[in-house]
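Coordinate analysis (summary)
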Amino acid sequence: MYYTGVNAMLEYYANNGHTNMLMYMVSSPMHTYMDDSFMYTAGAKGLFQQGDFGLIDYISTLPLWNGETLTGACDGELQNLDDAPALWTGYCDSALDGREFTQGVQQQIA
């Protein structure tokens with residue numbers, strides 16, 4: 001229920017004018033990473049894996065300079081939130097997949 005609720009909240013932001021809203025979802029049952037040393041070893045696939053863009057790498061790109069782009073990150077099968085299982089974190093919300101933000105460019109609301 002937690003993961004579904006978080007995705008629902010993020011969909012709300014994304015669909016209500018928050019064009020700079022991005023997400024980095026770690027595929028894991030943990031809820032927070034910023035206050036823990038796992039921030040340095042977490043990736044979208046869980047523990048950092050080869051080829052994964054780690055959470056610390058993602059955070060280190062901020063703030064963006066004019067013209068720089070950042071894309072949200074998630075690992076898993078794309079699911080419509082209405083069809084996603086309530087107690088499973090191995091999916092990506094299809095409404096949020098592929099969102100990107102470019103600093104200094106007027107964003108269009110989808």
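Okay, so let's go over this structure.

Cut-offs and rules
Numbering of residues starts from 1 in each chain and follows the order in which that chain's sequence is written. Residue-level local features of this predicted model are given only where pLDDT is at least 70; pairs of side-chain atoms are given and counted only at 80 or more, and the full residue set underlies all totals for whole chains, interfaces and linings. Excluding hydrogens and water, the side-chain figures rest on all heavy atoms present in the structure. The way it works is that DSSP assigns letters per residue, a run of H or I at least four long becomes a helix, a run of E at least two long becomes a strand, and they are numbered from the N terminus. Any pair of cysteine sulfurs within 2.5 Å is marked as a disulfide. Ring geometry is summarised as follows: Phe, Tyr and Trp rings, the Trp one being its six-membered ring, pair when their centres sit within 6.5 Å, and such pairs are stacked at plane angles under 30 degrees, edge-to-face over 60 and tilted between the two. Summary of the burial criterion: residues with accessible area below 20% of their type's maximum are buried, those above 50% are exposed, and those between are partly exposed, where the area comes from a 1.4 Å probe applied to protein chains only. Within this scheme the basic residues Lys and Arg register as positive and the acidic residues Asp and Glu register as negative, but His and the chain ends are omitted. In the sections that follow, a salt bridge refers to a side-chain nitrogen of Lys or Arg positioned within 4 Å of a carboxyl oxygen of Asp or Glu. A 3.5 Å cut-off defines polar contacts: any pair of N or O atoms within that distance qualifies, except that in protein one atom must be a possible hydrogen donor and the other a possible acceptor, and neighbouring residues in sequence count only when both atoms are side-chain atoms. Contacts are assigned to residue pairs that have any heavy atoms within 4.5 Å of one another.

**Observations regarding the environment of Phe53**
Tracing the backbone shows Phe53 in the loop between strand 2 (46–47) and helix 2 (55–60). Taking the C-alpha atoms as reference points, Phe53 and Gly43, separated by 10 residues in sequence, lie 6.2 Å from one another.

**Some thoughts on the state of the cysteines**
For the coordinates displayed, the defined rule picks out one disulfide. With a sulfur-sulfur separation of 2.2 Å, Cys74 is cross-linked through a disulfide to Cys92. Looking along the S-S bond of the Cys74-Cys92 disulfide, the torsion reads about -105 degrees, which is the left-handed sense. Here Cys74, found in the loop between strand 3 (69–71) and strand 4 (77–79), pairs with Cys92, found in strand 5 (residues 91–93); they are 18 residues apart in sequence, far enough to count as distant.

**Here we look at the packing of aromatic side chains**
Within this structure, the stated rule accounts for two aromatic pairs. Arranged with centres 4.9 Å apart and planes meeting at 55 degrees, the rings of Tyr24 and Tyr58 form a pair that is tilted. Within this pair, whereas Tyr24 is found in the loop between helix 1 (2–15) and strand 1 (42–43), its partner Tyr58 is found in helix 2, the two being separated by 34 residues in sequence.

**Focus: the side chain of Asp93**
By the secondary structure assignment, Asp93 is in strand 5. For the buried Asp93, which has no salt bridge, the nearest side chain bearing the opposite charge is Arg99, at an N-O separation of 10.0 Å. At 3.0 Å, the side chain of Asp93 forms a polar contact with the backbone nitrogen of Ala95. Sequence-distant contacts of Asp93, defined by excluding residues within four places in its chain, comprise Asn7, Glu11, Gln79 and Leu81.

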